[in-house]
Amino acid sequence: MKKYETPLLDELEKGPWPSFVTEIKRAAEKSEMANDELGQLEKSYATKRGYWKHGGIVGVLGYGGGVIGRYHNLPEEFPGVAHFHTVRINQTSGFYYDTKSLRMIMGLWDTYGSGLTNMHGSTGDMVMLGCRTEALEPFFAEVSSRGWDLGGSGSGMRTPSCCLGQSRCEWANIDTMGITHHMTHHFQDEMHRPMWPYKFKIKVAGCAVDCVAAIARADCSIIGTWRDEIQQDDAEVANYAKDGMDIQAEIVDMCPSGCMSYDGKKLAINNKECTRCMHCITKMTKALAPGKDKGATILIGSKAPIVVGSLLSWVIKPFIKVDAPFEEITELIENIIEWWDDEAKPRERIGEVIEIKGMRSFLDAIGIKPQPQQISSPRKDPFFFWADEDFEK
Ligand code: SF4
């Protein structure tokens with residue numbers, strides 16, 4: 001194999017953090033694809049140019065998504081990366097694997113691909129980087145025969161993802177993994193055969209800490225919450241004070257809705273004004289806990305900047321029960337997608353369509369009433385609409 005000098009990439013190995021360059025070098029010891037990836041990347045850094053040609057129709061039989069075609073502009077110079085397609089494998093809910101499964105997948109990837117992966121992609125899938133066209137079907141046959149499947153890509157449902165929720169986290173208000181598993185199976189056809197104007201992402205977080213960053217990335221965020229009162233243990237509040245916590249400064253003054261007060265003895269919470277942000281609960285883990293009447297807040301519309309700028313999600317449903325078999329929430333998401341599919345132009349995400357058509361027509365179409373929690377940005381304008389009947393009344 002050709003040995004590449006990589007002075008520019010070597011710079012990225014300096015410092016105390018792990019380096020993707022080190023990992024590519026390790027893979028390059030036994031893979032020509034990974035070796036040429038190293039060479040072409042060094043050239044990119046030197047010339048400040050990208051050499052990937054995006055696209056081309058590649059995939060596996062019966063699937064419209066799950067494989068992203070990638071070809072190189074300089075196939076003679078870097079033959080190992082002439083084809084460098086990405087294969088997305090549907091990740092497990094909560095990203096739990098056993099080592100046997102990981103070894104199996106990586107063994108197959110060493111055989112059929114470059115050996116390089118990205119665990120995990122922004123959508124959530126296991127991203128297998130670098131496969132030749134003729135190796136796609138054999139790799140897929142091996143993986144799928146062992147019970148694994150491709151994830152979503154293109155203009156369809158993207159692989160739903162979630163935090164690890166109730167499996168390990170005391171703050172999880174909903175069964176994030178159960179919901180994700182259900183949504184993945186329910187929208188299987190829409191994941192594997194993209195049929196919409198553009199992508200649609202569902203992410204599920206067990207609480208407002210939002211470890212999957214759903215609020216910034218998902219077209220539809222399902223965030224666990226509660227509608228009764230924060231559970232409070234006054235003796236533990238006193239212990240925090242005794243141990244030196246400045247409850248006024250660290251808890252009360254940090255509350256975004258100003259719903260708390262502390263008189264030096266008793267922490268009082270006006271639960272009606274609480275926005276369930278989780279700040280106090282995450283600071284006083286022994287004293288405070290989410291309420292017992294649990295469910296989810298549904299938000300809509302976030303995305304990274306492509307057609308217009310980036311968007312954060314808006315709350316459209318402050319509280320909904322989400323217990324198995326998840327019928328109510330599934331119906332709501334189906335209604336949302338149906339409206340978007342009817343109204344959107346190609347490559348418009350749902351947040352953009354709501355901006356263009358207006359929150360009013362969106363809420364009307366999906367049958368959700370305007371509520372004070374539906375705001376365009378925090379502590380600012382509510383989406384409140386006057387209809388003709390209101391004036392008549
Ligand atoms: Fe726990 Fe909340 Fe993070 Fe999920 S989002 S892992 S429930 S803190």
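Residues numbered from 1 in each chain as written. Predicted model: local features only at pLDDT ≥ 70, side-chain atom pairs only at ≥ 80, totals over all residues. Heavy atoms only, no water.

S.K.: How should the overall build of the protein chain be read in this particular structure?
M.R.: In terms of helices and strands, the protein chain carries 15 helices and 15 strands. Taking as baseline every contact in the protein chain between residues at least 6 positions apart, the subset at least 24 positions apart corresponds to 65%. In the form shown here, the protein chain has an accessible surface area of approximately 19900 Å², with 52% of it arising from carbon and sulfur atoms. Each charge sign in the protein chain was given a centre, from 45 positive and 55 negative side chains, and these centres are 4 Å apart. (Helix = DSSP H or I, 4+ residues; strand = E, 2+ residues; numbered from the N terminus. Contact = heavy atoms within 4.5 Å. Areas by Shrake-Rupley, 256 points an atom, 1.4 Å probe, with all protein chains shown as cover. Lys, Arg positive; Asp, Glu negative; His and termini not counted. Charge placed at Lys NZ, Arg CZ, Asp CG, Glu CD.)

S.K.: How do you make sense of helix H3 (residues 32–47) when you look at a structure like this?
M.R.: The periodicity of an α-helix, 3.6 residues per turn, causes residues three or four places apart in sequence to face the same way. Compared with an ideal rise of 1.5 Å per residue, which puts 16 residues at 22 Å, H3 spans 22 Å between its outermost C-alpha atoms and is within 8% of the ideal. Within the span of H3, buried status applies to Met33, Ala34, Asn35, Asp36, Glu37, Leu38, Gly39, Gln40, Leu41, Glu42 and Ser44. Buried-residue contacts for H3 involve helix H1 (7–11), helix H2 (20–28), strand E1 (52–54), strand E3 (70–72), strand E5 (113–119) and strand E6 (126–131). (Expected span 1.5 Å × (residues − 1). Buried < 20%, exposed > 50% of the residue type's maximum accessible area, 1.4 Å probe, protein only.)

S.K.: Help me understand the domain arrangement of the protein chain in this model?
M.R.: Buried accessible area, meaning the area lost when the parts come together, often serves as the stated size of an interface. Each assigned domain of the protein chain is listed with its residue range as follows: domain 1 (7–145), domain 2 (161–226 + 293–392) and domain 3 (231–289). Taken over C-alpha atoms, the centre of domain 1 sits 32 Å from the centre of domain 2. With 13 residues of domain 1 at the interface, the matching set in domain 2 holds 17 residues. Summing the contributions of domain 1 and of domain 2, the shared interface buries around 1100 Å²; its carbon and sulfur component is 49%. Counting the surface domain 1 buries against domain 2, the share from its top three residues, Ser93, Tyr96 and Ser122, is 40%. The interface formed by domain 1 and domain 2 holds 0 salt bridges in total. Remark: the boundary between domain 1 and domain 2 carries 8 residue pairs in polar contact (both at pLDDT 80 or more). Here the side of domain 1 that touches domain 2 is built from residues that sort into 3 nonpolar, 10 polar and no charged. (Domains from an automatic or database assignment. Buried area = accessible area lost by both parts, 1.4 Å probe. Salt bridge = Lys/Arg side-chain N within 4 Å of Asp/Glu carboxyl O. Polar contact = N/O pair within 3.5 Å; in protein donor to acceptor, adjacent residues only side chain to side chain. Nonpolar A, V, L, I, M, F, W, Y, C, P; charged D, E, K, R; others polar.)

S.K.: Just checking my understanding: could you explain the pairing of E5 for this structure?
M.R.: A regular strand carries its side chains on alternate faces of the sheet. Sheet analysis places E5 next to E6, joined by 5 bridges and oriented antiparallel. Residue leucine 116 lies in a different strand from E6, and its bridge partner there is leucine 129. From the end of E5 to the start of E6, which pair antiparallel, there are 6 residues, and glycine 124 there has a positive phi angle of about 130 degrees. (Pairing = 2+ DSSP bridges.)

S.K.: How should the side chain of serine 31 be read in this particular structure?
M.R.: Structurally, serine 31 is set in the loop between H2 and H3. There is a polar contact of 3.1 Å between the side chain of serine 31 and the backbone nitrogen of alanine 34. Other than its neighbours up to four places away in sequence, serine 31 contacts Met1 and Ser114.

S.K.: What is the right way to read the packing of helix H12 (residues 327–343) against helix H13 (residues 350–357) from this model?
M.R.: The axes of two packed helices give the description: the angle between them and the distance between them. Axis separation between H12 and H13 bottoms out at 10 Å; the angle between their running directions is 70 degrees. Judged on the interaxial angle alone, H13 and H12 are roughly perpendicular. Regarding H12 and H13, the two cross each other, and that crossing is left-handed. Residues Ile336, Trp339, Trp340 and Glu343 of H12 touch H13, and the partners they reach there are Ile350, Val353, Ile354 and Lys357. Counted by class, the contact of H12 with H13 contains 6 nonpolar, no polar and 2 charged residues. (Axes fitted to C-alpha atoms, helices over the stretch in contact; angles between N-to-C directions. Parallel < 35°, antiparallel > 145°, perpendicular 65-115°, else oblique. Left-handed = near helix turned anticlockwise from the far one by under 90°.)

S.K.: It is not clear to me how the sheet that holds strand E9 (residues 220–226) should be interpreted in this structure. Could you clarify?
M.R.: Working definition: the strands of a sheet are paired by backbone hydrogen bonds and lie parallel or antiparallel to each other. Spatially, 5 strands are ordered E7-E8-E9-E14-E15 in an open sheet, and the strand pairing comes out mixed. Looking at which strands have only one partner, the edges of the open sheet turn out to be strand E7 (161–162) and strand E15 (314–320). Alignment of E7 against strand E8 (residues 202–205), held across 2 bridges, turns out to be parallel. Within E8, the residue paired with cysteine 162 across the bridge is valine 204.

S.K.: Would you mind showing me how to read the packing of aromatic side chains here?
M.R.: Any pair of aromatic rings gets described here by the distance separating the centres and the angle formed by the planes. On inspection of all chains with the given rule, the structure shows 10 aromatic pairs. Ring geometry for tyrosine 63 versus phenylalanine 140: centroids 5.1 Å apart, planes at 70 degrees, classification edge-to-face. In this pair, tyrosine 63 is assigned in the loop between E1 and strand E2 (67–68) and phenylalanine 140 in helix H5 (residues 133–145), connecting sequence segments 77 residues apart. Counting every residue linked through ring pairs, the aromatic cluster contains Trp109, Tyr112 and Phe139. (Phe/Tyr/Trp six-rings, centres within 6.5 Å; stacked < 30°, edge-to-face > 60°.)

S.K.: I keep staring at the pattern of salt bridges and nothing clicks. Help me out?
M.R.: When charged atoms on two side chains of opposite charge get close, those side chains can pair. One pass over the full model with this rule turns up 15 salt bridges. Where glutamate 77 meets lysine 43, a salt bridge forms, and the shortest distance between an N and an O atom there is 3.2 Å. Placement of glutamate 77 in the loop between E3 and strand E4 (86–89) and of lysine 43 in helix H3 is noted, with a sequence separation of 34 residues between them. Given a relative accessible area of 35%, glutamate 77 falls into the partly exposed group.

S.K.: Explain the site of the ligand to me, please; I cannot follow it from the model alone.
M.R.: All residues in the neighbourhood of the ligand are listed as Cys163, Cys169, Trp171, Ala172, Gly206, Cys207, Val209, Asp210 and Cys211. For the shell around the ligand, the residue count by class is 7 nonpolar, 1 polar and 1 charged. (Near = heavy atom within 4 Å.)

S.K.: Could you clarify how one ought to interpret the sheet that holds E4 in this entry?
M.R.: Strand order in this open sheet of 4 strands is E2-E4-E6-E5, and the pairing throughout is antiparallel. Since the sheet does not close on itself, it has two edges, and those belong to E2 and E5, each with one partner. Pairing of E2 with E4, which is carried by 2 bridges, proceeds in the antiparallel orientation. What sits directly across from isoleucine 68, in E4, is threonine 86.

S.K.: Hey, could you run me through the environment of glutamine 371 in this one?
M.R.: By the element assignment, glutamine 371 lies in the loop between helix H14 (359–366) and helix H15 (388–392). Glutamine 371 gets classed as partly exposed once you look at its relative accessible area, which sits at 27%. The sequence separation of glutamine 371 and tyrosine 71 amounts to 300 residues, and the corresponding C-alpha distance is 49 Å. Side-chain polar atoms of glutamine 371 contact the backbone oxygen of lysine 369, separated by 3.4 Å.

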